[in-house]
Amino acid sequence: MQLSKYDYLIVGSGLFGAVFAQQMTAAGRTCLVVEKRDHTGGNIYCKQIEGITVHQYGAHIFHTSDKMVWDYVNQFVAFNHYINAPIANYHGEIYNLPFNMNTFSKMWGIKTPAQAKAKIEAQKSQITGSPANLEEQAISLVGQDIYQKLIKGYTEKQWGKECKDLPAFIIQRLPVRYTYNNNYFNDHYQGIPEGGYNILTDQLLKGCKVRLNTDFLEEKQALSSLAHKIVYTGTIDSYFNYQFGSLEYRSLRFESEILNEENYQGVAVVNYTDRETPYTRVIEHKHFEFGLQPKTVITKEYSVDWKLGDEPYYPVNDVKNHNIYEQYASLALREPNVIFGGRLAEYKYYDMDKVIASALCAAQKELFAV
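Please read all numbers here as calculations on a predicted model, not as lab measurements.

Draft legend 1. Quick look at the overall build of the protein. The number of helices and strands found in the protein is 11 helices and 16 strands. Relative to the compact-globule value of 21 Å for 370 residues, the protein shows a C-alpha radius of gyration of 22 Å, a close match. If you line up the protein on its principal axes, its C-alpha atoms span 75 × 50 × 35 Å. Considering only residue pairs separated by 6 or more positions, the protein has 72% of its internal contacts joining residues 24 or more positions apart. Here the protein has roughly 17,500 Å² of accessible surface; of this, 49% comes from carbon and sulfur atoms. Looking at the protein, you have 37 positive and 41 negative side-chain charges, and the mean spots of the two groups are 2 Å apart.

If you want it as structure tokens, here you go:
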């Protein structure tokens, strides 16, 4: 009879898997991490191009109000003082995000919070009763002008559908600030790891055995026999062989290029909110670390339809997919030796700090279970 070699087989080296591995390794447990890609770190993986740290899978800005999580990550890497202050480009008109007094002053020529509130309230009043779709929901929150210029086109590109055909609950609320504050997040702590996220990932996985280019589902039986327990961070429907159907996602496509200029757009993130521009945003990576390199790297980000085999990014949180997920979640409860965690296994869009908190919680449950 073959004896298990490891305490834990961790499927996926993104934040959930890496944090769980770090906690177990620190506690003296043995971990084998298997990763389908040719690198660790999941979607926070970075590349060095022209001396610039490039976020390979889109902008990842760390922000949290959870001091425990902030203190945890700062054990492994120093964070800079980057503040996310994206702008919106609507047919060449530039607006600050999130919606604040700078936005309203540019849009309407007003100067005071009272003027901005009056303008928004007047435009909101055209929606009476409960909003029937995303368009009505957005107008009921921020009015017609902001909806038309800063929400409609971007949202339709993001979801591949008209706003009138999207459910209202997708936009539960929209941040509106009656101050001249361009900081996108309200969290106490914010920044980017100095030198990129790979430093964090490498530190978290220190002391673990890692196998890259390894598809767990293709070698499920053999790999599962190598450990007492499995931590699974892949898509939950694929783990159960899609027996209730596949869950839906939106995917992303990235087009990066090196430009022979020092500063392309003056900010890390520009959202293109008109419908006609095919991409949703442009990222200029050097601004995440205040770079002064003679060249720059930009990435155009496109929201695209997803099919099986594509990289899943955003879960489609409608009633149909929720019901499918609940069936898989019930099956997961019957797998006592498998821990399902992370955005794919839980079919949930997680911010990075929430993934870390969830992994820390799962690890503590394991450590105190015996």
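Draft legend 2. Layout of the layout of surface pockets. Empty space within the second largest pocket amounts to approximately 400 Å³. Taken together, the elements giving at least two residues each to the lining of the second largest pocket come down to helix H10 (319-332), strand S16 (338-340) and helix H11 (352-367). In terms of residue count, the dominant contributor to the lining of the second largest pocket is H11 (5 residues). Class assignment for the residues of the lining of the second largest pocket results in 12 nonpolar, 2 polar and 3 charged.

Draft legend 3. Inspection of the sheet that holds strand S12 (residues 269-272) at higher detail. Taken in spatial order, the 7 strands line up as S7-S6-S12-S13-S14-S11-S15 in an open sheet, and their pairing is mixed. Of all the strands in the sheet, the pair left with one neighbour each is strand S7 (93-96) and strand S15 (314-315). Bridge analysis of strand S6 (residues 87-90) against S7 gives 4 bridges, and the strand direction is antiparallel. Each bridged residue has a counterpart across the sheet, and for Ala 88 the counterpart in S7 is Tyr 95.

So, how was this worked out
- Residues numbered from 1 in each chain as written.
- Predicted model: local features only at pLDDT ≥ 70, side-chain atom pairs only at ≥ 80, totals over all residues.
- Heavy atoms only, no water.
- Helix = DSSP H or I, 4+ residues; strand = E, 2+ residues; numbered from the N terminus.
- Rg over C-alpha atoms; globule rule 2.2 N^0.38 Å.
- Contact = heavy atoms within 4.5 Å.
- Areas by Shrake-Rupley, 256 points an atom, 1.4 Å probe, with all protein chains shown as cover.
- Lys, Arg positive; Asp, Glu negative; His and termini not counted.
- Charge placed at Lys NZ, Arg CZ, Asp CG, Glu CD.
- 1 Å grid on protein atoms, 1.4 Å probe; cavity = no way out; pocket = protein on both sides within 12 Å on 5 of 7 lines; lining within 4 Å.
- Points joined across faces, edges and corners; volume = space filled by probe spheres on them.
- Nonpolar A, V, L, I, M, F, W, Y, C, P; charged D, E, K, R; others polar.
- Pairing = 2+ DSSP bridges.

Scope: geometric values only; no functional claims are made or implied.
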